[in-house]
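Single-letter residue listing:
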Amino acid sequence: MEEVKYLIPEESIDAIMNNVSVLREIENDLRDIFTKNHYLEVLMPSFEYADLYYDMDIGIEEEKMFQFINHEGKRVALRTDFTVPLARLYSSQNEDGEKRYCYFGKVYRKEKRHKGRSSEFFQAGVELLGKDGFDGDIECLTIIQQTIQYLKLKDIKIEISSAKFYKRLCELVDDKSFIKILKKRDISSIENLIQQKNIQSPLKELLIQLPQCFGDISIINEMINIIQDQQLKESLIELKEMYEKLNMKDVFSFDLAMTPSMKYYTGIMIKGYSPYSAETIINGGRYDKLMNHFHKTVPAIGFSYNLSHILTALEKEEEANA
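Caption draft 1: View of the overall build of the protein chain. Looking only at helices and strands, the protein chain features 11 helices and 12 strands. Computed over its C-alpha atoms, the radius of gyration of the protein chain comes to 21 Å, within 12% of the 20 Å expected for a compact globule of 322 residues. Seen through its C-alpha atoms, the protein chain measures out along the principal axes to roughly 65 × 50 × 45 Å. Across the 322 residues in the protein chain, those meeting the buried criterion constitute 48%. Intrachain contacts of the protein chain at a sequence separation of at least 6 include 69% that bridge at least 24 residues. Just so you have it, the protein chain exposes about 16,800 Å², and 47% of that area is on carbon and sulfur atoms. The centroid of the 42 positive side-chain charges in the protein chain is displaced by 2 Å from the centroid of its 52 negative side-chain charges.

In C-alpha cells form, the structure reads like this:
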C-alpha cells in the first residue's frame with residue numbers, strides 16, 4: 001500500500017497545475033462562442049450501457065472501453081465519446097427538427113501501455129442535429145473559424161475531406177489491408193497492393209498519388225479532372241461546392257488520404273492539427289445515418305476539440321519559443 005500512496009494509475013491524467021487557468025480560459029471562450037451560435041450546453045452522464053456502443057459499431061474497439069457489470073448484471077462503460085449519447089438524448093426526448101447541443105467533459109479510452117498517453121481526455125464540442133447539406137457543414141466550419149484564435153496555438157491547420165470519397169475507394173480496392181496502409185500513407189505498400197490485386201488504370205494512378213493528395217482547392221480541381229469513377233468524382237464536386245460557399249477559405253485545406261476517426265461519418269470529415277501535437281486537436285464530420293439506430297432519419301454533423309492535446313501542444317510551443 002505504501003508504494004502507491006503517492007502514485008496515480010498510468011491511465012489517469014496527472015494533476016494539471018500550471019494550465020488550469022489556461023484550460024478554463026479556453027473553455028469559457030468556447031462556451032461564449034457556442035452560446036452566441038445558439039448551442040445549448042448539456043451535462044451528459046459519465047456511464048453508458050456498453051451495448052449502446054457495441055450495437056452501433058462506431059469504430060471504438062471493445063478493448064478500449066472501461067467496463068464493469070452493474071447491479072442489474074448489465075455491462076456498463078465509461079463514456080467513450082459524446083456523439084452517440086447525444087444522439088440517444090435527441091431520440092429519447094422525441095426531438096424533431098434542428099437541435100444544437102454543446103458539451104464540456106471527459107471521455108475515457110484505454111491506450112496502449114508505455115506509450116506515454118493517458119486514457120482520459122478533456123473534450124469540448126458541438127453537435128448539430130436536423131440540419132442537412134452545405135448549410136449544416138458551413139455552420140460548423142464557421143464556428144471552427146471563430147474559435148481558432150481562442151485555442152492560443154499558432155499555425156493550426158484545418159483539413160477537410162469526404163467520407164463518401166473514402167468509402168468508395170475502399171469499395172473499389174476491396175481489401176482490408178488498404179485502411180491500415182492508407183493511415184500510414186505507405187506508398188510502397190500501396191504499390192504492392194496494386195500488384196497483388198492487379199488493379200488497373202485509372203484507379204492505379206489515383207492510388208499511387210493518393211498519399212500526396214493534400215493542399216489547397218487546386219488539388220480538388222486536379223483530381224476532379226483526373227478521376228473517372230463517377231461516385232468518386234461526385235464526392236469531390238460536393239467538397240468543392242461546399243468550399244466555395246465559405247466566407248473565409250484561407251483557414252482550410254484538403255487531404256484526400258484522410259481516414260475517418262469514427263465509422264459513422266457519411267460526408268465531410270474535419271481534422272485540426274498543431275505542429276506541436278502528435279495527435280489531432282480537432283475531430284469531426286457529418287453523420288447522417290447514425291440516428292437510424294434510434295429509428296429516426298435525422299441528418300447531423302458535429303466536431304470536438306481535444307483540450308488535453310491542446311494543452312500539451314501549448315506547453316511544447318512555449319518550450320520551443322522560450
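What follows continues from the structure just given.
Caption draft 2: Geometry of helix α5 (residues 163–173). Those residues of α5 that fall on the buried side of the exposure criterion are Ala163, Phe165, Tyr166, Arg168, Leu169 and Val173. Along its buried surface, α5 packs onto β7 (157–162), α6 (177–184), α7 (187–197), α8 (203–209), α10 (230–244) and β10 (268–273). Where α5 starts, the residue carrying a side-chain oxygen 3.2 Å from the main-chain nitrogen of Lys164 turns out to be Ser162.

Caption draft 3: A look at the side chain of Lys131. Secondary-structure assignment places Lys131 in the loop between β6 (120–129) and α4 (133–147). Here Glu139 takes part through its side chain, which lies 2.8 Å from a polar atom of the side chain of Lys131. Once residues within four sequence positions are removed from consideration, Lys131 is found in contact with Glu98, Arg100, Gly136, Glu139, Arg286 and Pro299.

Caption draft 4: Inspection of the sheet that holds strand β2 (residues 47–49) at higher detail. A sheet is described by the order of its strands in space; here 3 strands give the open sequence β2-β4-β3, paired in antiparallel fashion. Two strands bound the open sheet, and with one partner strand each, they are β2 and β3 (67–69). For this sheet, the mean angle separating the axes of adjacent strands, direction not counted, is 35 degrees. Sheet topology note: the β3/strand β4 (residues 75–78) ladder contains 3 bridges and is antiparallel. The residue bridging Gln67 from the neighbouring strand is Ala77, located in β4.

What counts and what doesn't
Residues numbered from 1 in each chain as written. Predicted model: local features only at pLDDT ≥ 70, side-chain atom pairs only at ≥ 80, totals over all residues. Heavy atoms only, no water. Helix = DSSP H or I, 4+ residues; strand = E, 2+ residues; numbered from the N terminus. Rg over C-alpha atoms; globule rule 2.2 N^0.38 Å. Buried < 20%, exposed > 50% of the residue type's maximum accessible area, 1.4 Å probe, protein only. Contact = heavy atoms within 4.5 Å. Areas by Shrake-Rupley, 256 points an atom, 1.4 Å probe, with all protein chains shown as cover. Lys, Arg positive; Asp, Glu negative; His and termini not counted. Charge placed at Lys NZ, Arg CZ, Asp CG, Glu CD. Polar contact = N/O pair within 3.5 Å; in protein donor to acceptor, adjacent residues only side chain to side chain. Pairing = 2+ DSSP bridges. Axes fitted to C-alpha atoms, helices over the stretch in contact; angles between N-to-C directions.

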